[in-house]
Amino acid sequence: PLLTQYGIYLGKLVHGDLGTNFYGNSVTAELSVRYPVTIKLALIAILVEIIIGIGAGVWAGVRRGRFIDYLILISSLVVISIPSFVIGSLAQLLFGLKLNWAPVAYVARLTRSNLIENQRADYVRTAKAKGLSGFRTVTVHTLRNSLVPVITYIGYDFGALMGGAIVTERIFNINGIGNFIFRSISQRDGVSVVGAVTCLVLVYLLANLIIDLLYGVLDPRISHD
């Protein structure tokens, strides 16, 4: 009987039917209203990570051992040590909006460490010996290889942001997937929780598929055959 129930659920899932919730409403309809809100928040956070995190990491890597390098290292360490829900509460208090600085700090430190490591590679020395400028050497050659582990982390963090939306959306009272899951758990609405988590998993898998495809773009030596 249990296998039969699983089979019925999977069959409905394939057709986009996640069942009905505690109030008799379609879970799919409930999620379709809230999903754009959560996706928007996650994409904004990822965009902030990419622009500020990678930019700060490159700046620190190029200026290794100088004041700006130590400043970025210390500030990122401080931000990493603060729990995200504390940052969220402080952001709500100070700015009235979500600021996702913790992932930025991780991305900055990861970009810096990989950039410094790749600057010692033979192909970088060859590029400099051929007369390429420092800017072109970093942006065209060194940075591309340094971004492979960075986008791996960003793909992981996208899933963490989707899952962490439960805390974020609860703090800021945002009507997204996270708030929907929190409310469903509080009301013991198991159908809604299973449906919402299933959708989160599918989005996470899609994000990781895109990350895998980006590997070949950043490093042509990586083959998807």
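Below, the structure is looked at part by part. (Residues numbered from 1 in each chain as written. Predicted model: local features only at pLDDT ≥ 70, side-chain atom pairs only at ≥ 80, totals over all residues. Heavy atoms only, no water.)

Counting its secondary structure elements, the protein chain contains 9 helices and 0 strands. Shown N-terminal to C-terminal, the secondary structure of the protein chain runs as helices and strands in the order α-α-α-α-α-α-α-α-α. In the protein chain, the share of contacts with a sequence separation of at least 24, taken over all contacts with a separation of at least 6, comes to 71%. Surface accessibility of the protein chain: about 13100 Å² in total, with carbon and sulfur atoms responsible for 68%. (Helix = DSSP H or I, 4+ residues; strand = E, 2+ residues; numbered from the N terminus. Contact = heavy atoms within 4.5 Å. Areas by Shrake-Rupley, 256 points an atom, 1.4 Å probe, with all protein chains shown as cover.)

Under the defined criterion, the tally for this structure stands at 1 aromatic pair. Note on Y153 and Y156: the rings are 6.1 Å apart at their centroids and 45 degrees apart in plane angle, and the pair reads as tilted. Taken as a pair, Y153 and Y156 lie in helix α7 (residues 134–172) at a separation of 3 residues, close to a single helical turn. The exposure class of Y153 is buried, given its relative accessible area of 18%. (Phe/Tyr/Trp six-rings, centres within 6.5 Å; stacked < 30°, edge-to-face > 60°. Buried < 20%, exposed > 50% of the residue type's maximum accessible area, 1.4 Å probe, protein only.)

Quick look at unusual backbone geometry now. Even without a glycine there, the phi angle at R188 is positive, about 55 degrees. Mapped onto the elements of the fold, R188 is located in the loop between α8 (177–186) and α9 (190–218). For R188, a relative accessible area of 78% corresponds to the exposed category.

The next subject is the side chain of T38. Within the secondary structure, T38 sits in helix α2 (residues 27–62). Here T38 falls in the buried class, since its relative accessible area comes to 2%. Contact partners of T38, with chain neighbours within four places excluded, come to M162, A165, E169, G176, I177 and G178.

For helix α3 (residues 67–81), built from 15 residues, the straight-helix expectation of 21 Å at 1.5 Å per residue is met to within 8% by its first-to-last C-alpha distance of 21 Å. Looking at α3, one finds that the buried residues are I68, D69, I72, L73 and S76. For α3, the buried positions fall inside an angular range of 135 degrees around the axis, keeping them on one side. Residues F67, I74 and S81 are exposed on α3 and point more than 90 degrees away from its buried face. (Expected span 1.5 Å × (residues − 1). Arc of directions from axis to C-beta.)

What tends to happen in soluble globular proteins is that the nonpolar side chains get buried as a cluster. If you look at the biggest cluster of nonpolar residues, it comprises 32 residues, and the most contacted ones within it are L31, Y35, I54 and I177. At the level of secondary structure, the elements contributing two or more residues to this core comprise α2, α5 (101–118), α7, α8 and α9. When residues in this core are grouped by element, the largest group, 11 residues, is from α7. Aside from chain neighbours lying at most four places away, what touches I177 is L31, R34, Y35, T38, E169, A196 and L200. Membership of the second largest hydrophobic core comes to 5 residues, among which are A56, A60, I68 and I72. (Core = buried A, V, L, I, M, F, W, Y, C linked by side-chain atoms within 4.5 Å.)

Turning our attention to α8. Because the α-helix completes a turn every 3.6 residues, residues three or four places apart line up on one side. Taken together, the buried positions of α8 are I177, G178, N179, F180, I181 and S184. At the C-terminal side of α8, R188 shows a positive phi close to 55 degrees.

Turning to the pattern of salt bridges, a few remarks are in order. Under the definition given, this model contains 3 salt bridges. Of the charged contacts in the structure, one is a salt bridge between D122 and R125, with a shortest N-O distance of 2.8 Å. Placement of the pair is D122 and R125 together in helix α6 (residues 122–129), with a separation of 3 residues, close to one helical turn. Here D122 falls in the exposed class, since its relative accessible area comes to 56%. (Salt bridge = Lys/Arg side-chain N within 4 Å of Asp/Glu carboxyl O.)

Right, let's talk about the environment of P36 for a bit. Turning to its location among the elements, P36 is positioned in helix α2. Since its relative accessible area comes to 49%, P36 is described here as partly exposed. Each C-alpha atom of the pair P36 and G176 lies 7.7 Å from the other, and the pair is 140 residues apart in sequence.

To continue, consider the packing of α2 against α3. Interaxial distance between α2 and α3 falls to 8 Å at its minimum, and their mutual angle equals 135 degrees. Between α2 and α3, the interaxial angle falls into the category oblique. Note on packing geometry: the crossing formed by α2 with α3 is left-handed. Counted together, A56, W59 and A60 of α2 and I68, D69 and I72 of α3 form the full contact between these two elements. Here the contact of α2 with α3 is composed, by residue class, of 5 nonpolar, no polar and 1 charged. (Axes fitted to C-alpha atoms, helices over the stretch in contact; angles between N-to-C directions. Parallel < 35°, antiparallel > 145°, perpendicular 65-115°, else oblique. Left-handed = near helix turned anticlockwise from the far one by under 90°. Nonpolar A, V, L, I, M, F, W, Y, C, P; charged D, E, K, R; others polar.)

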